[in-house]
Amino acid sequence: MVINGKCHCGNIALELEWEGDPPEIPVRACGCSFCVKHGGVWTSNPRSRLAVAIRDASRVSKYAFGSRTATFHVCSRCGTVPLVTSEIANHLYAVVNVNVLENVEQSWLRRATADFEDEDVESRLARRRRNWIADVRIAEGGA
Ligand SMILES: [Zn+2]
């Protein structure tokens, strides 16, 4: 099915193609310092496809910290963080924030906590390649 999401003001919109109807959506409340402060709760599926439409790219701030291998896309208008991307070997991977998804029922969510703080960079990138969305398109501008 197609799952839609957007930041609060609509500057960043997501379209996520996910297998299963209803789909099973794993949900990870990340324990990193940024996600704890922002309440970031993430999902990904290596077989899903993600299309991101950004209306005004000048109002999206990109934030990285620590190993700087992940980029948080923060809407600077409304403060929402709809997605995180990671570029690994010239390929873009992403996870999306479950809280910005709109046509998802709570009963589809499979909650787990995750704490990856002790991972080294190499195993972190390998995990992302296995689990993150590997088909990511980001379009800027337009309507
Ligand atoms: Zn926004």
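Residues numbered from 1 in each chain as written. Predicted model: local features only at pLDDT ≥ 70, side-chain atom pairs only at ≥ 80, totals over all residues. Heavy atoms only, no water.

## So, the coordination of the zinc ion
Thought 1: In this structure, Cys7 (SG), Cys9 (SG), Cys75 (SG) and Cys78 (SG) serve as the protein donors to the zinc ion, at separations of 2.3 Å.
Thought 2: Relative to the metal, the four donor atoms surrounding the zinc ion lie at angles of 102 to 118 degrees, and the coordination shape comes out tetrahedral.
Thought 3: Between consecutive donor residues of the zinc ion, the sequence gaps follow C-x1-C-x65-C-x2-C. (Donors = N, O, S within 2.8 Å, 3.2 Å for Na, K, Ca; no water. Tetrahedral: all angles 85-135°; square planar, octahedral: opposite > 155°, others 65-115°.)

## Considering the environment of leucine 92
Thought 1: By the element assignment, leucine 92 lies in strand β9 (residues 91-97).
Thought 2: Sequence spacing of leucine 92 and aspartate 135 is 43 residues, and the spatial spacing of their C-alpha atoms is 7.7 Å.
Thought 3: Non-local contacts of leucine 92, meaning those with residues more than four positions away in its chain, are made with Thr85, Ser86, Glu87, Ile133, Ala134, Val136 and Ile138. (Helix = DSSP H or I, 4+ residues; strand = E, 2+ residues; numbered from the N terminus. Contact = heavy atoms within 4.5 Å.)

## So, the side chain of threonine 85
Thought 1: By the element assignment, threonine 85 lies in strand β8 (residues 83-88).
Thought 2: The class for threonine 85 is buried, based on a relative accessible area of 5%.
Thought 3: Reaching out from threonine 85, the side chain makes a polar contact with the side chain of histidine 73 at a distance of 2.8 Å.
Thought 4: Excluding anything up to four places from it in sequence, threonine 85 contacts Thr69, Ala70, Thr71, His73, Leu92, Tyr93, Ala94, Trp132 and Ile138. (Buried < 20%, exposed > 50% of the residue type's maximum accessible area, 1.4 Å probe, protein only. Polar contact = N/O pair within 3.5 Å; in protein donor to acceptor, adjacent residues only side chain to side chain.)

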